[in-house]
Amino acid sequence: MKPVNSVLSSYGVTVFETMSRLAMEMDAINLGQGFPDDNGPENLRLMAAEAVINGPNQYPPMLGIPELRQAVAEHNKRFYDLDVDWQTETMVTCGATESLTDCILALIEPGDEVVLIEPLYDSYLPMVRRAGGIPKLVRLEPPNWELPRDALADAFSSKTKMILLNSPQNPATKVYDRNELQFIADLVIKHDAYAVCDEVYEHIVFDGDQHIPLMTLPGMRDRCVRIGSAGKTFSMTAWKVGYMTAPANLLGAIAKAHQFVTFTTPTNLQRAVAMGLEQEDSYFAGLCATQEAKRDRIRDALDEAGFETLYTAGTYFLSVDIRSVGFEGGDVAFCEHIIREAGVAAIPLSAFYQKNGQPHFARFCFCKQDSILDEAAARLKNHFA
Ligand code: PMP
Ligand code: GLN
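Residues numbered from 1 in each chain as written. Chains lettered and ligands numbered in written order. Predicted model: local features only at pLDDT ≥ 70, side-chain atom pairs only at ≥ 80, totals over all residues. Heavy atoms only, no water.

1. A word on empty space enclosed by the protein
By the definition in use, this model includes 3 cavities of 30 Å³ or more. Taken as a whole, the largest cavity encloses approximately 50 Å³ of empty space. Every residue lining the largest cavity is listed: R139, E141, P142, D331, L349, S350, Y353, N356, Q358, P359, H360 and F361. Taken together, the residues that form the lining of the largest cavity break down as 5 nonpolar, 4 polar and 3 charged. The space that makes up the second largest cavity amounts to roughly 40 Å³. For the lining of the second largest cavity, the leading source of residues is strand β5 (residues 160-166), giving 3 residues. Taken together, the residues of the lining of the second largest cavity sort by class into 8 nonpolar, 2 polar and no charged. (1 Å grid on protein atoms, 1.4 Å probe; cavity = no way out; pocket = protein on both sides within 12 Å on 5 of 7 lines; lining within 4 Å. Points joined across faces, edges and corners; volume = space filled by probe spheres on them. Nonpolar A, V, L, I, M, F, W, Y, C, P; charged D, E, K, R; others polar. Helix = DSSP H or I, 4+ residues; strand = E, 2+ residues; numbered from the N terminus.)

2. Notes on the site of ligand 1
Around ligand 1, a shell composed of G95, A96, T97, Y121, N166, N170, D198, V200, Y201, S229, K232 and K240 is seen. Take T97: an N or O atom from its side chain is 2.6 Å from an oxygen atom of ligand 1. In the environment of ligand 1, a nitrogen atom lies 3.0 Å from a nitrogen or oxygen atom belonging to the side chain of K232. When the free accessible area of ligand 1 is taken as 400 Å², the share hidden by the protein chains comes to 93%. The cavity that encloses ligand 1 is the largest pocket. Take the shell around ligand 1: its biggest share by element is 3 residues, from helix α6 (residues 95-107). Residues that form the shell around ligand 1 fall into these classes: 4 nonpolar, 5 polar and 3 charged. (Near = heavy atom within 4 Å. Polar contact = N/O pair within 3.5 Å; in protein donor to acceptor, adjacent residues only side chain to side chain. Areas by Shrake-Rupley, 256 points an atom, 1.4 Å probe, with all protein chains shown as cover. Sits in = over half its atoms within 2 Å of the grid points.)

3. Examining the sheet that holds strand β12 (residues 347-348)
Taken in spatial order, the 4 strands line up as β9-β10-β13-β12 in an open sheet, and their pairing is antiparallel. A strand with exactly one partner marks an edge of an open sheet, and here the two such strands are β9 (308-309) and β12. Direction of pairing for β12 relative to strand β13 (residues 361-365): antiparallel, over a ladder of 2 bridges. What sits directly across from P348, in β13, is A362. This element, helix α13 (residues 281-304), spans β9, β10 (317-321) and β13 of the sheet and lies at about 15° to β10. (Pairing = 2+ DSSP bridges. Contact = heavy atoms within 4.5 Å. Axes fitted to C-alpha atoms, helices over the stretch in contact; angles between N-to-C directions.)

4. Some details on the packing of helix α2 (residues 15-26) against helix α14 (residues 331-341)
Direction vectors running N to C along α2 and α14 enclose 25°, while the axes themselves pass 9 Å from each other. The orientation of α2 relative to α14 falls into the category roughly parallel. As α2 runs across α14, the sense of the crossing is right-handed. Mapping the contact onto sequence places M19, L22, A23 and M26 in α2 and C335, I339 and R340 in α14. Residue composition of the contact of α2 with α14, by class: 6 nonpolar, no polar and 1 charged. (Parallel < 35°, antiparallel > 145°, perpendicular 65-115°, else oblique. Left-handed = near helix turned anticlockwise from the far one by under 90°.)

5. Focus on the layout of surface pockets
Empty space within the largest pocket amounts to approximately 1200 Å³. Surrounding the largest pocket, 47 residues form its lining, T14, F16, Y121, D122 and S123 being those nearest its centre. For the lining of the largest pocket, the secondary-structure elements that each account for two or more residues are α2, α6, α7 (124-130), α10 (230-233) and α14. With 6 residues, the top contributor of residues to the lining of the largest pocket is α2. The residue inventory of the lining of the largest pocket, partitioned by class, reads 23 nonpolar, 16 polar and 8 charged. What lines the second largest pocket is a set of 13 residues, among which F79, E202, H203, D209 and Q210 lie closest to the centre. Looking at the lining of the second largest pocket, the element that brings in the most residues is α13, giving 4 residues. Broken down by class, the residue content of the lining of the second largest pocket amounts to 6 nonpolar, 4 polar and 3 charged.

Printed below as a string of structure tokens:
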């Protein structure tokens, strides 16, 4: 029989799925895959339930229901002072993952170069390669995750079609500052490229810092796509509602991909997310404050268990240097070890790189009940004592 597609079949099952399955099998505390352990805001769940009972339950408009698209435009104005025309510049997709895929399919021509900054969220590289793009990888390294400016500048060329930028960045937790963003913006303009900005953790930024969309920098409004996710902003990762903001000419092109990939997103979830985005500022501040307290809690507990912890600037992930507890193997071995021997699941940071580099770091997800975080840290402490 003829072979299946060689690009996608070269990848195994994602580390998130593998670790979650193993955690279930071993009855371990799952601090691997990134998802909260509560059910999400009740007002949104009630709204979604009511909307599915009362309908309509037929295809909504392809670009998303007007109330959600208007809410996306207003959210841009409220938080970033971006003026957005909801009718020509917003679109709703099945999660940020679909937004990313739509952008990649719509913007890349085979042979185009795409600048990617490792550590990378898992879908970027396979989809860029599947679209025929040539990845140009730039590495950020723990523990400081400094932007290697020369390497980044070298990764751009006249063939660069776009950069895919994730800020706040999973799993580095880096929140790009204005100076770094300006450096990136200058490169994008110099090389007449686009920027696809994965900003799903936009509301989970700590220590009084602010998320800055690249789109708000001078000259970037016409070159950027900005992507958000209800899964992260409303702590319901199963909902898979994503939303993008882009200049009209790009949005029109990207909508062609959406048209053929999923065409629409469930109406009831869109209605609830519209309500969610319109909530008072206190909702968004509360999300951030809650996660910041959890960051501090797990940091202190892991610290006490003997781990050297990396600074978490945003997202709901915290990484540790596994050498600090005397573990001598790599990070994959460490994660396999602690899931079996300590009953705690984590994700090896090397999974976010194409080539291993320094595999000595493991990522813990902390958007969990305090008692679960305490128990996980206690298990690790006992195990490594
Ligand atoms: N980008 C990043 C950086 C993520 O961490 C995630 C969450 N898994 C996604 C995109 C995907 O978001 P969604 O679940 O909305 O597709
Ligand atoms: N974004 C989540 C994480 O980094 C997982 C998403 C997924 O499982 N595909 O853990």
